[in-house]
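# Examining the three-dimensional arrangement
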Amino acid sequence: MSGNSNPMEKFETAETQWKQNILDKRLKRFNLSKSPTRFYSPLANKNSDFLENVGFPGQYPFTAGSNPFDFWRAYAEDAAKMGYRPDWGGAGGVGKYGGFGTAEDYRDYLIRMHAMGRTGGPNMAFDLVTQCGYDSDSDYAEGEVGRVGVAIDSFRDFATIYEPYTGDLGIDKVPSNFTINAPAAIIIAMYAILADKRGIPLDKLRGTPQNDILKEFIARGTYIYPPEQSLRLFRDICVFCTRHMPKLNINSIGGYHIREAGATREQDLAFSMANAAAYIQAGIAGGLDVDSFAPKQTFNAFGGSMEIYQEIALQRAARRIYARMLKERFKAKNPRSMMIRQPITAHIGCVSTTLQRPLNNLTRAVVGGMAAGMSGGMPGVFPPYDEPLGLGHSQEAVQLQLDATRILIYEAKVADVNDPWAGSYFMESLTDDIEARATAEMEKIEKMGGAVAAIESGYMQKAVSKSAYEKQKQIERQEEFVVGVNCFNDDNEISVNVNREVEASYDPELLKSAEDRQQQKLKKLKRQRNSKAVSSALSALKAHAKDESVNLMVDICECVRNDVTLQEMCDVLREVFGEFQQSKL
């Protein structure tokens, strides 16, 4: 047995000899100062403890995956034999993300999807008017009603969407997703009142509201109230759902949106974790034990890029950071509290798609699907290739997307191995590096006072803007290459198109008339409802909004029940809470 006290010494010697005898000669031959590629040996992570830092899938710290295998993998063979579309909720999940026009338009779209075998629950996109807390007759609404999602002014609109969801598709049998943030309490209240009117216990309801208001201040911009008051509403939702709707997820945190706005990989991860910590603290401040609600906190996705190795490492680092934060900082005891639950792992992000030669986006999305399959998730090919072409993916693009995912699962068998990179000198080193840089950024935010303080000061917003600017300049200077955009784009290249033979997902004529139709409905509602009940419900909401200790979900539910409109509720809260104004960049 060797008496060498340093087991890495032989690798250090061998690496030095390799550089001198092989690498340096190669560099000299091509007149390069450094190698354009990298190689990783045991020296890259020589102090790593596999069990402590990686472990097994489904085991703390969840680096190798949140579960030994996901639910969809258990039924993958049956899905192929029976023709299921598991990603569209054919077996009791949610359907494809969508929404447009009026509630009637979206309802009819869902009926068409059901006829095609896509029977998942509503996965709602709301128009910007609804997202920002306005009704369709607001001056701010002009030109935006029903454009990027469905318009919801009142409970009547919400109930209309659910008309096809009865019997085997009842709301106690299929879940719903709501991509809504600032008015999330109102949409959740509508879901609760719908169940109540149908005689369905609230504890039977499943689904996920996005309810990730802090990232709206950093990236998307559909905030209303200041961060502190917004967190108060989050607290009220968290407590209400934990006690009355325990099967409903509380939120879906989206680092994806922050990344799409321009954040770096490490900013995406650090800002998302800082936001998650603020949400957990809000639930605890509401009197909840962390293990009573943390398992119902979910993540939408972290951002993506075409850099496949880094995106795999990001997912692994994210799971480890979150697990340690819950266990060490918040003293969670239930392993499920420490797990990141998310429908999408690695992906390229919509920002990676291009308007130029758009069919290339399918190739790009397949790269993302490979990364997803190697980072603990379904190898989902996302997004459809026509993402940058306008609202509503074509059925042809969706078919190609779905088939590409199937090919990765059934033919390439990408999903047959959990975390195939586990123990790789390269991947473990890269994971450690991303974790270290993200953790340093998290500590910086914590010293500022946490996510809310960092938002109020404008720190996060400025950081994202700066990173977005730098990324764009790199593309313009050809320091980063995008095929068909800043390279390989001369007259000798051709653009390949796909013929569209299936009807459009969203009827453009309905989109044109949505605003007028929605406003007419709103006038009718205001004529028919009980004005005294509306006034009384709004007065109670206003009075209780002034008392920080009161949970507002009860008052919001009462408003919904009495046909108070979304803007009427938001306006009362605007009056009490105020509206947030971004600091100047």
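This structure is a prediction, so every number in the text was calculated from the model and none was measured. (Residues numbered from 1 in each chain as written. Predicted model: local features only at pLDDT ≥ 70, side-chain atom pairs only at ≥ 80, totals over all residues. Heavy atoms only, no water.)

## Focus: the confidence of the model for the protein
A low pLDDT score tells you not to read the predicted coordinates there in detail. Per-chain confidence: the protein averages 93 in pLDDT, with 96% of residues scoring 70 or above. Here residues 86-91 scores under 50 on pLDDT; set against residues more than four positions off or in separate chains, the count is 16 contacts. (pLDDT = per-residue confidence, 0-100. Contact = heavy atoms within 4.5 Å.)

## Focus: the side chain of His-257
Here His-257 is to be found in helix H11 (residues 255-260). Residue contacts for His-257: discarding those within four places in its chain leaves Gln-210, Lys-215, Ala-219, Arg-220 and Asn-300. (Helix = DSSP H or I, 4+ residues; strand = E, 2+ residues; numbered from the N terminus.)

## Side note on the state of the cysteines
Applying the stated criterion across every chain yields a total of zero disulfides. In this structure Cys-350 is a free cysteine whose sulfur lies 19 Å from that of Cys-132, the closest cysteine sulfur available. Accessibility expressed as a relative area gives 13% for Cys-350, which makes it buried. (Disulfide = S-S within 2.5 Å. Buried < 20%, exposed > 50% of the residue type's maximum accessible area, 1.4 Å probe, protein only.)

## Overview of a nonpolar patch on the surface
Together, Trp-18, Ile-22 and Phe-39 give the surface a local cluster of nonpolar side chains, amounting to about 350 Å² of exposed area. The residue Phe-39 is located in the loop between helix H1 (9-29) and helix H2 (50-53) in this model. Residue class for Phe-39 comes out exposed when judged on its relative accessible area of 64%. (Patch = residues over 30% accessible without salt bridge, like charges linked within 9 Å, V, L, I, M, F, W, Y side chains within 5 Å. Areas by Shrake-Rupley, 256 points an atom, 1.4 Å probe, with all protein chains shown as cover. Salt bridge = Lys/Arg side-chain N within 4 Å of Asp/Glu carboxyl O.)

## A short note on the environment of Val-550
For Val-550, the location among the structural elements is in the loop between helix H21 (531-545) and helix H22 (553-561). In this structure the C-alpha to C-alpha distance between Val-550 and Gln-478, which are 72 residues apart in sequence, comes to 55 Å. With sequence-adjacent residues up to four places away left out, Val-550 is seen in contact with Arg-232, Arg-235, Asp-236, His-544 and Asp-555.

## Focus: unusual backbone geometry
The omega torsion across Tyr-60 and Pro-61 is 10°, close enough to zero to call that bond cis. Here Pro-61 lies in the loop between H2 and helix H3 (71-74). Look at the link from Phe-382 to Pro-383: it is a cis peptide, with omega at 0°. Relative to the assigned elements, Pro-383 resides in the loop between helix H15 (360-373) and helix H16 (395-411). One non-glycine residue, Asn-31, adopts positive backbone phi at about 55°. For Asn-31, the position within the fold is in the loop between H1 and H2. The exposed category is assigned to Asn-31, whose relative accessible area is 71%. Even without being glycine, Asp-563 reaches a positive phi, approximately 65°.

## So, the packing of aromatic side chains
Summed over the entire model, instances satisfying the criterion amount to 23 aromatic pairs. Taken together, Phe-158, Tyr-162, Tyr-165, Phe-178 and Tyr-191 form an aromatic cluster joined through their ring pairs. Of note, Lys-327 hangs over the ring of Tyr-60, and the distance from its end group to the ring centre comes to 4.2 Å. Sitting over the face of the ring of Tyr-134, Arg-574 holds its NZ or CZ atom 4.3 Å from the ring centroid. (Phe/Tyr/Trp six-rings, centres within 6.5 Å; stacked < 30°, edge-to-face > 60°. Lys NZ or Arg CZ within 6 Å of the ring centre and 35° of its normal.)

## Regarding the packing of helix H10 (residues 227-244) against helix H12 (residues 265-285)
Where H10 contacts H12, the two axes come as close as 9 Å, and the packing angle between them is 60°. Classified by the angle their axes make, H10 and H12 are oblique. Relative to H12, H10 is oriented so that their crossing is right-handed. Facing H10, whose interface residues are Leu-231, Phe-234, Arg-235 and Cys-238, H12 presents Ala-278, Tyr-279, Ala-282 and Gly-283. Tallied by class, the residues present in the contact of H10 with H12 amount to six nonpolar, one polar and one charged. (Axes fitted to C-alpha atoms, helices over the stretch in contact; angles between N-to-C directions. Parallel < 35°, antiparallel > 145°, perpendicular 65-115°, else oblique. Left-handed = near helix turned anticlockwise from the far one by under 90°. Nonpolar A, V, L, I, M, F, W, Y, C, P; charged D, E, K, R; others polar.)

## Here's the deal with the nonpolar core
In terms of nonpolar packing, the biggest core is built from 129 residues, with Tyr-162, Leu-214, Leu-269, Phe-271, Met-273, Leu-326 and Met-460 touching the most fellow members. The leading source of residues in this core is helix H8 (residues 184-197), at 12 residues. Beyond its immediate chain neighbours, meaning those up to four positions away, Leu-214 contacts Leu-231, Asn-275, Ala-278, Tyr-279, Ala-451, Val-452 and Ile-455. Core analysis: the next-biggest nonpolar cluster, separate from the first, contains six residues, Ile-348, Val-381, Leu-408 and Val-414 among them. (Core = buried A, V, L, I, M, F, W, Y, C linked by side-chain atoms within 4.5 Å.)

## What to know about the packing of helix H14 (residues 308-329) against helix H17 (residues 425-448)
Close contact between H14 and H17 brings their axes to 8 Å; oriented N to C, the two are set at 50°. When the axes of H14 and H17 are compared, the pair comes out oblique. Our pair here, H14 against H17, has a crossing hand that is right-handed. Facing H14, whose interface residues are Tyr-309, Gln-310, Ile-312, Ala-313, Leu-314, Arg-316, Ala-317, Arg-320, Ile-321, Arg-324, Met-325 and Arg-329, H17 presents Phe-426, Met-427, Glu-428, Leu-430, Thr-431, Asp-432, Ile-434, Glu-435, Ala-438, Thr-439, Met-442 and Glu-446. Of the residues that constitute the contact of H14 with H17, the class distribution is 13 nonpolar, three polar and eight charged.

## Describing the layout of surface pockets
One number sums up the size of the second largest pocket: a volume of about 1300 Å³. What lines the second largest pocket is a set of 39 residues, and nearest its centre among them are Ser-305, Glu-307, Lys-471, Gln-474 and Glu-480. Residue assignment for the lining of the second largest pocket shows that the elements contributing at least two residues are H11, H12, H17 and helix H19 (459-476). If one sorts the elements of the lining of the second largest pocket by residue count, H19 sits on top with seven residues. In terms of residue class, the lining of the second largest pocket is made up of 14 nonpolar, 13 polar and 12 charged. (1 Å grid on protein atoms, 1.4 Å probe; cavity = no way out; pocket = protein on both sides within 12 Å on 5 of 7 lines; lining within 4 Å. Points joined across faces, edges and corners; volume = space filled by probe spheres on them.)

## Structural notes on the domain arrangement of the protein
Along its sequence, the protein is carved into domain 1 (9-39), domain 2 (50-82 + 251-476) and domain 3 (93-205 + 528-585). Distance between the C-alpha centres of domain 2 and domain 3: 28 Å. In this assembly, 10 residues from domain 2 lie in contact with 11 residues from domain 3. Surface buried jointly by domain 2 and domain 3 totals about 780 Å² across both partners, of which 56% is contributed by carbon and sulfur atoms. Between the two partners, domain 2 and domain 3, sit zero salt bridges. Counting across the interface, domain 2 meets domain 3 through three residue pairs in polar contact (both at pLDDT 80 or more). Elements with a minimum of two residues in the side of domain 2 that touches domain 3: H16 and H19. (Domains from an automatic or database assignment. Buried area = accessible area lost by both parts, 1.4 Å probe. Polar contact = N/O pair within 3.5 Å; in protein donor to acceptor, adjacent residues only side chain to side chain.)

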